[in-house]
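In case you want the letters, here they are:
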Amino acid sequence: MRMSRMYLKTLREVPAEAEIPSHVWLLRAGMIRKLVSGVYGFMPLGKRSLQKIEAIIRDEMNKKGAQEILMSALQPAELWEESGRWYAYGPELFRLKDRHERDFCLGPTHEEIFTDIVRNEVDSYRQLPLNLYQIQTKYRDEKRPRFGLMRSREFIMKDAYSFDRDWEGLDLSYQQMYETYAAIFTRCGLEFRAVEADNGAIGGTGSHEFCALSEFGESEIVYCDNCGLASTREQAAAVDQPAPPEEALPLEKVYTPGTKTIAEVAGFLGVPESRTMKALLFQVYDQDYDYAAVFIRGDRELNMTKLVNLLNIPEHAIEFADETAIGEATGAVGGFTGPIGLHDCRIIADSELIKSPNLVAGACEIDHHIKNVNYGRDYKADLTADLKLISAGDPCPDCVGKVKLTRGIEVDQVFKLGTKYSESMHAYFKDENMQEHPLVMGCYGIGVSRTLAAVVEQHHDDDGIIWPLAVAPYHAIITLISPQDPIQSELAEQLYQRLAEAGVEVLLDDREERPGVKFKDADLIGIPIRLTVGRTAADGVVEFRLRAEGQSVEKAWAEAAGQVIDMVKAIDK
Ligand code: ATP
Ligand code: MG
């Protein structure tokens, strides 16, 4: 491609909306453009890199015998009602009506659609196992779209669904996809970690996330160097560490003016935060109760995922409540809520808290707390469970080690769905004896556009993107210093033809621009190999430079071409 003809607009300034490097560089390199919040278009260079990632995915999926199909983004509500997710998916689902007032949604994922296809076309064990996938546009009305392609409202996903006759079959399919994903992300040049994950709204019985390591990732990863535990922070069990048992002391109401936070009350009373308890109040929707109060130790944080799993309600059915607004209904008093004096609300207590003796709690009275609150004697809970977020330095739930925390970008999640969808949607097959059984399913989703952003997040410097060769929009760029100079332009053309004929994807920067502008653009768009044709062209010599390394070396043009061709041939397949 000749850059004089290329549709490319690079930006000199950092766009105001961009907060993290991948978003900045993808915009500045002219790869993506925003339409509205969370909705992006791909420009020629961005589209090419996206296609490279898609090609790697297809290649690895096909190697395992998975078969590509393409389903519609427009999905009828009936299928979602059958699976029970029309309600459960909540406001993230883009819903719409057709002219006949029939309900539809724009697919955020396709379990229902694939289950529907397969239940109509598979009826014998002989057709199993089966793995179908697609690369397709998904829609989610995210609460906080941000970070460009990372969390957008329209995005590209590769979603695969496996259908097996039994759980052993599913284990095998799952293992195969796990390996496939490791191969895909390695080829994309990502440093990643596979971690155990929560099943979330999809349901099922086992799940892993593949996380590209990055300080800007939204996934928190807990790991233990001692036993090899790796899990999302939300999924990890937190070990109870109560203070040693003590004799329960008498309750004592104390005047604690203005101490609304845990830090303030602990400071005021001269006790550690671990000897206090904290109340979190929630409004609950569409259930047979309206409010829930969750109690955890003052020094702990609530793990929202554990809470919604315990209550078995969708995330959108629970929301932090304004304590003042619900005070009359429940007895809560903003900043001074405790378990004694609360009424008409479901009481939920963390498992560590109920073993902790003589705690300070709010008195449900302005400017007052109660000392020596003990579970059992002074209050009871409707539900108790581990509801804590694990923190760095906490004991490992699986061994004697201590856990560490890091961050990653969730580029994919794999789930063992089991028979959740096949049972609710009646997708059955017949075995050798004509007995009917539900299909045992798995699903496997890669965020294709998010993967593109993750690659940039891991591969950039202060000048722009540094594409790994396998996913670069072009492998090489020939920077022609003086297009007017016949010797230079002739050599550049010759090099261009040679590389193109050998299958190298090459750009020829033949623009009438200053060399500085050309070099800056080449660095910004991150082309892995640069060949500069300038003053030494008369001797048939060019400058060879790898974007990742920086230093340039002079080489005879044919030798440089040969080296580029070899590098491209060596891209991992
Ligand atoms: P997250 O926790 O980040 O919201 P998720 O668990 O909702 O992700 P899945 O339903 O498992 O995601 O979707 C499969 C993959 O699709 C994810 O691993 C991620 O890479 C990608 N993905 C999900 N939501 C988005 C989004 N809003 N924008 C871009 N990619 C996304
Ligand atoms: Mg999500």
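Calculation notes
- Residues numbered from 1 in each chain as written.
- Chains lettered and ligands numbered in written order.
- Predicted model: local features only at pLDDT ≥ 70, side-chain atom pairs only at ≥ 80, totals over all residues.
- Heavy atoms only, no water.
- Helix = DSSP H or I, 4+ residues; strand = E, 2+ residues; numbered from the N terminus.
- Buried < 20%, exposed > 50% of the residue type's maximum accessible area, 1.4 Å probe, protein only.
- Contact = heavy atoms within 4.5 Å.
- Areas by Shrake-Rupley, 256 points an atom, 1.4 Å probe, with all protein chains shown as cover.
- Lys, Arg positive; Asp, Glu negative; His and termini not counted.
- Charge placed at Lys NZ, Arg CZ, Asp CG, Glu CD.
- Near = heavy atom within 4 Å.
- Polar contact = N/O pair within 3.5 Å; in protein donor to acceptor, adjacent residues only side chain to side chain.
- Nonpolar A, V, L, I, M, F, W, Y, C, P; charged D, E, K, R; others polar.
- Pairing = 2+ DSSP bridges.
- Axes fitted to C-alpha atoms, helices over the stretch in contact; angles between N-to-C directions.

> What is the right way to read the overall build of the chain from this model?
The secondary structure content of the chain amounts to 14 helices and 31 strands. With respect to the principal axes defined by its C-alpha atoms, the chain has extents near 95 × 70 × 55 Å. Scored against the burial criterion, the 573 residues of the chain give a buried share of 53%. The long-range share in the chain, meaning contacts at least 24 apart out of those at least 6 apart in sequence, stands at 70%. A total accessible area of about 25200 Å² is found for the chain, and carbon and sulfur atoms account for 49% of it. Within the chain, the 91 negative side-chain charges are centred at a point lying 4 Å from the centre of the 64 positive side-chain charges.

> Would you mind showing me how to read the site of ligand 1 here?
Near ligand 1 you find 16 residues, and of these Arg140, Glu142, Arg151, Ser152 and Glu410 are the closest. In this structure, an oxygen atom belonging to ligand 1 sits 2.7 Å away from a side-chain N or O atom of glutamate 410. Note that an oxygen atom of ligand 1 is positioned 3.1 Å from one of the backbone N or O atoms of valine 411. A total of 580 Å² of accessible area belongs to ligand 1 in isolation, and the protein chains cover 84% of it. Among the elements of the structure, strand E8 (154–164), strand E21 (404–418) and strand E24 (440–447) are those that each provide at least two residues to the shell around ligand 1. Counting residues per element, the shell around ligand 1 draws most heavily on E21, at five residues. Split into classes, the residues belonging to the shell around ligand 1 amount to six nonpolar, four polar and six charged.

> Help me understand the sheet that holds strand E18 (residues 359–362) in this model?
Backbone hydrogen bonds hold the strands of a sheet together, and the pairing may be parallel or antiparallel. Taking strand neighbours across the sheet as the criterion, the three strands line up as E13-E19-E18 in an open arrangement whose pairing is antiparallel. The open sheet has two free edges, formed respectively by strand E13 (252–255) and E18, since each of these has just one partner strand. With direction set aside, neighbouring strand axes in the sheet form an average angle of 30°.

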